[in-house]
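# Architecture at a glance
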Amino acid sequence: MVQDPAQQAPSVTPATPARTLLPTILPALAVGIMSSLVLVGVEVAAEQLQDVLWGPLPDALGIGRYSVAWMFVMLFATGIAVGLVVWKAPGHAGPDPATVGLDAPVLPPVVLPGLVLVTMLMLAGGPSLGPENPIITVNVALAAWLGARLVPRVPGRVWPALAEAATIGALFGTPVAAALVISEALAVRETRGLLWDNVFAPLTAGTAGALTATLIDHPSFDLNLPSFGRPGWSDLFAAVVVASVAALLGMAAVRAFPYVHGAFRRLRHPMLMLPAGGLVLGALAALGGHLTLFKGLDEIAELAKDPDGRSAGEYAVLTVVKLAALLVAASCGFRGGRIFPAVFVGTALGLGAHAAVSGVHPSVGVSAAVLGLLLAITRQGWVSLFVAAVLVASPGIIAVLCIASLPAWLLVTGRPQMQLRADGTPVR
């Protein structure tokens, strides 16, 4: 029987007309620039406050800047300050941060000043969290609120996607990261049209955010590790092993997350939870030293300056302490993201692998360990690959990481990530 030619033709997804995409450019550019300015503004203000809190202030008091006593004082005081804002600010500075990921909720504008303030205090005070989650939340709320008033004909669901892409582009200094996150998010949503039609406006926002941040702040993730040439079989084997070990370590932290979070939640009040978290973080800082403080980007650059400057044992201490600090900070109520401190954990673990086995190239160890940690903590495959690759900035590492990601993904897929639902159960 001869089939109808119409039945034999393959189905083709209709493309979105250009006249539909063109009007999205200006709103996307505006959101991109605004989101980047918010991010840079908060980070610069936090850096200025950090310079005072960890410089002239302890000097004036005659206390060592990173002495054990001052680290205890600062982390405890940060817990009190953040707890006070969370307690008294309208909206309590947003929802429980353990329940928030890169896909941020749309909050009412009244909540945003408190959220911005606690983010600045956290970044300056030393807890091991990054700015990504709260800043994305702030930008999503601002974009939704302003967009609904200034451009009411644009569907409300568009603004959060633009703000998320713009902030991610600004965070990493490139729209590639935003495009990867968007494409991964679209894979689990019902969409119409071609992929590039759906990412056109968010990618525009991500590009505007990245360019704005680059022109103002010049972000860079390249650690200037020893150059990595053509990969060999030993490099591939090392990457697979290190990435898998890192994924297992990350899953151990993820498994402990709801229990640690539950322990702090039993205190019930932010003026108990956050100062208690500050005290625990102070004890961890006393064990790991000042490198285990803050979000970790400046600290990983310091580690990478001399990959052979520490023993495997010292790198192991940094790895465990920083991971524990991330776990505590994310559990007790500090507003912050988990990606940047996880990068520090991976960097320390990768350099420790190099210190323990000299045949493990430091670039391979660091990138593979960061890949495995981020896969376990975020379950974001493309972002994990991207961050691991840009730390080394060597084309030869990409194929090695792609292969190393396969066994690591088999270990983490279907398991919880480091995010909880409102009832305290893990998100898978």
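Everything that follows concerns the structure shown earlier in this document.
Presented here is an overview of the structure given in this document. For every chain, the first residue of the written sequence is number 1, and numbering continues from 1 along that sequence. A pLDDT threshold of at least 70 governs which residues receive local features in this predicted model, and a stricter bar of 80 or more applies before side-chain atom pairs are shown or counted, although totals over entire chains, interfaces and linings include all residues. Think of the side-chain values as coming from all heavy atoms in the structure, minus any hydrogens and water.

### Brief notes about the packing of aromatic side chains
For any pair of aromatic rings, the description rests on two quantities: the centre-to-centre distance and the angle between the ring planes. Pairing of aromatic side chains requires ring centres within 6.5 Å, counting the rings of Phe and Tyr and the six-membered ring of Trp. Pairs whose planes differ by under 30 degrees are stacked, by over 60 edge-to-face, and all others tilted. By the definition in use, this model includes four aromatic pairs. Geometrically, the ring pair formed by Trp54 and Tyr66 is stacked, given 5.3 Å between the ring centres and 20° between the ring planes. Linking Trp54 in the loop between helix 3 (25-53) and helix 4 (56-61) with Tyr66 in the loop between helix 4 and helix 5 (68-88), this pair joins segments that are twelve residues apart in sequence. Aromatic pair Trp54 and Phe294: ring centres 5.4 Å apart, planes at 75°, arrangement edge-to-face. Taken as a pair, Trp54 in the loop between helix 3 and helix 4 and Phe294 in the loop between helix 12 (270-288) and helix 13 (297-305) lie far apart in primary sequence, 240 residues in all. With respect to class, Trp54 is no different from Phe294; both count as buried. To sit over a ring, a charge needs its Lys NZ or Arg CZ within 6 Å of the ring centre and within 35 degrees of the ring normal. One residue, Lys295, lies across the ring of Phe340, its end atom 5.8 Å from the ring centre. Taking the ring centre of Phe344 as reference, the NZ or CZ of Lys322 above it sits at 5.2 Å. Runs of H or I in DSSP of at least four residues are treated as helices and runs of E of at least two as strands, each being numbered from the N terminus. When a residue's accessible area, from a 1.4 Å probe over protein chains only, is under 20% of the maximum for its type it is buried; when over 50% it is exposed; and in between it is partly exposed.

### Things to note about the layout of surface pockets
We place a 1 Å grid over just the protein atoms. Points where a 1.4 Å probe fits but has no way out form a cavity, open points with protein on both sides within 12 Å along at least 5 of 7 lines form a pocket, and any residue with an atom within 4 Å of a point lines it. Grid points are joined across faces, edges and corners, and a volume is the space filled by probe spheres set on the points. What the second largest pocket holds in volume is close to 710 Å³. When residues of the lining of the second largest pocket are traced back to their parent elements, those giving at least two are helix 3, helix 6 (112-125), helix 8 (158-172), helix 10 (195-217) and helix 13. The greatest single-element share of the lining of the second largest pocket, amounting to seven residues, is contributed by helix 3. Three categories are distinguished: nonpolar for Ala, Val, Leu, Ile, Met, Phe, Trp, Tyr, Cys and Pro, charged for Asp, Glu, Lys and Arg, and polar for the others, with Gly belonging to the last. For the lining of the second largest pocket, the residue count by class is 18 nonpolar, five polar and nine charged.

### Brief notes about empty space enclosed by the protein
Evaluation of the coordinates by the stated rule reveals three cavities of 30 Å³ or more. Element by element, the count of residues in the lining of the largest cavity is highest for helix 7 (residues 132-150), at three residues. A breakdown of the residues in the lining of the largest cavity according to their chemical character gives six nonpolar, four polar and one charged. Considering only enclosed or pocket space, the second largest cavity measures out at about 60 Å³ in volume. For the second largest cavity, the full set of lining residues is Leu75, Gly126, Pro127, Ser128, Leu281, Leu284, Ala285, Thr292, Leu293, Val321 and Ala325. Broken down by secondary-structure element, the contributors of at least two residues to the lining of the second largest cavity are helix 12 and helix 14 (312-332). When residues of the lining of the second largest cavity are assigned to their parent elements, the largest contribution, three residues, is made by helix 12. In terms of residue class, the lining of the second largest cavity is built from eight nonpolar, three polar and no charged.

### So, a positive patch on the surface
Like charges within 9 Å and nonpolar side chains (Val, Leu, Ile, Met, Phe, Trp, Tyr) within 5 Å are joined into patches, using only residues over 30% in relative accessible area that form no salt bridge. To measure how exposed things are, a 1.4 Å probe is used in the Shrake-Rupley method; for residues, cover is taken only from the protein chains shown. Basic side-chain nitrogens of Lys or Arg form a salt bridge, by our definition, when they fall within 4 Å of a carboxyl oxygen of Asp or Glu. All tallies of charge rest on Lys and Arg as positive and Asp and Glu as negative; His and the ends of each chain are not included. One atom stands in for each charge, and that atom is NZ of Lys, CZ of Arg, CG of Asp or CD of Glu. Taken together, the side chains of Arg255, Arg415, Arg421 and Arg428 define a basic patch exposed on the protein surface. Within the fold, Arg428 resides in the segment after helix 18 (396-412).

### Focus on helix 6
Helices are assigned an expected span. That span is 1.5 Å times one less than the residue count. Under the 1.5 Å per step criterion, the end-to-end length of helix 6 is 20 Å for 14 residues, consistent within 8% with the ideal 20 Å. Turning to helix 6, its buried residues are Leu112, Gly114, Leu115, Val118, Thr119, Met122, Leu123, Ala124 and Gly125. Within two residues after helix 6, Gly126 carries a phi angle of roughly 115°, on the positive side.

### Let's talk about the packing of helix 11 (residues 233-265) against helix 16 (residues 362-378)
Each axis is a line fitted through C-alpha atoms, taken for helices only over the stretch in contact, and angles between the N-to-C directions span 0 to 180 degrees. With their axes 7 Å apart at the nearest point, helix 11 and helix 16 run at an angle of 35° to one another. Read as a crossing pair, helix 11 and helix 16 show a hand that is right-handed. Residue-level inspection shows Asp235, Ala238, Ala239, Val242, Ala243, Ala246, Ala247, Gly250, Met251 and Val254 of helix 11 in contact with helix 16, the latter providing Val364, Gly365, Ala368, Ala369, Gly372, Leu373, Ala376 and Ile377. Across the contact of helix 11 with helix 16, the residue classes break down as 14 nonpolar, three polar and one charged. Helix crossings get a hand from a simple test, with the near helix turned counterclockwise from the far one by less than a right angle marking a left-handed crossing and a clockwise turn marking a right-handed one. Note on contacts: a residue pair qualifies if any of its non-hydrogen atoms lie within 4.5 Å across the two residues.

### Let's talk about a negative patch on the surface
On the surface, a cluster of negative charge is made up of Glu47, Asp51, Asp217 and Asp298. Structurally, the position occupied by Glu47 is in helix 3. Under the relative-accessibility criterion, Glu47 is labelled partly exposed at 38%.

### Concerning the pattern of salt bridges
Inspection of the entire model under this criterion finds two salt bridges. Close ionic contact of Lys295 with Glu43 constitutes a salt bridge, the shortest N to O distance being 2.9 Å. Within this pair, whereas Lys295 is found in the loop between helix 12 and helix 13, its partner Glu43 is found in helix 3, the two being separated by 252 residues in sequence. Residue class for Glu43 comes out buried when judged on its relative accessible area of 11%.

### A word on the packing of helix 13 against helix 15 (residues 339-356)
The N-to-C vectors of helix 13 and helix 15 enclose an angle of 15°; their axes lie 9 Å apart at closest approach. Considering the angle they form, helix 13 stands roughly parallel to helix 15. Here helix 13 runs over helix 15; the crossing is left-handed. Residues Leu297, Glu299, Ile300 and Leu303 of helix 13 touch helix 15, and the partners they reach there are Phe340, Val343, Phe344, Thr347, Ala348 and Leu351. Class assignment for the residues of the contact of helix 13 with helix 15 results in eight nonpolar, one polar and one charged. In what follows, roughly perpendicular refers to angles from 65 to 115 degrees, roughly parallel to angles under 35, roughly antiparallel to angles over 145, and oblique to any angle outside these ranges.

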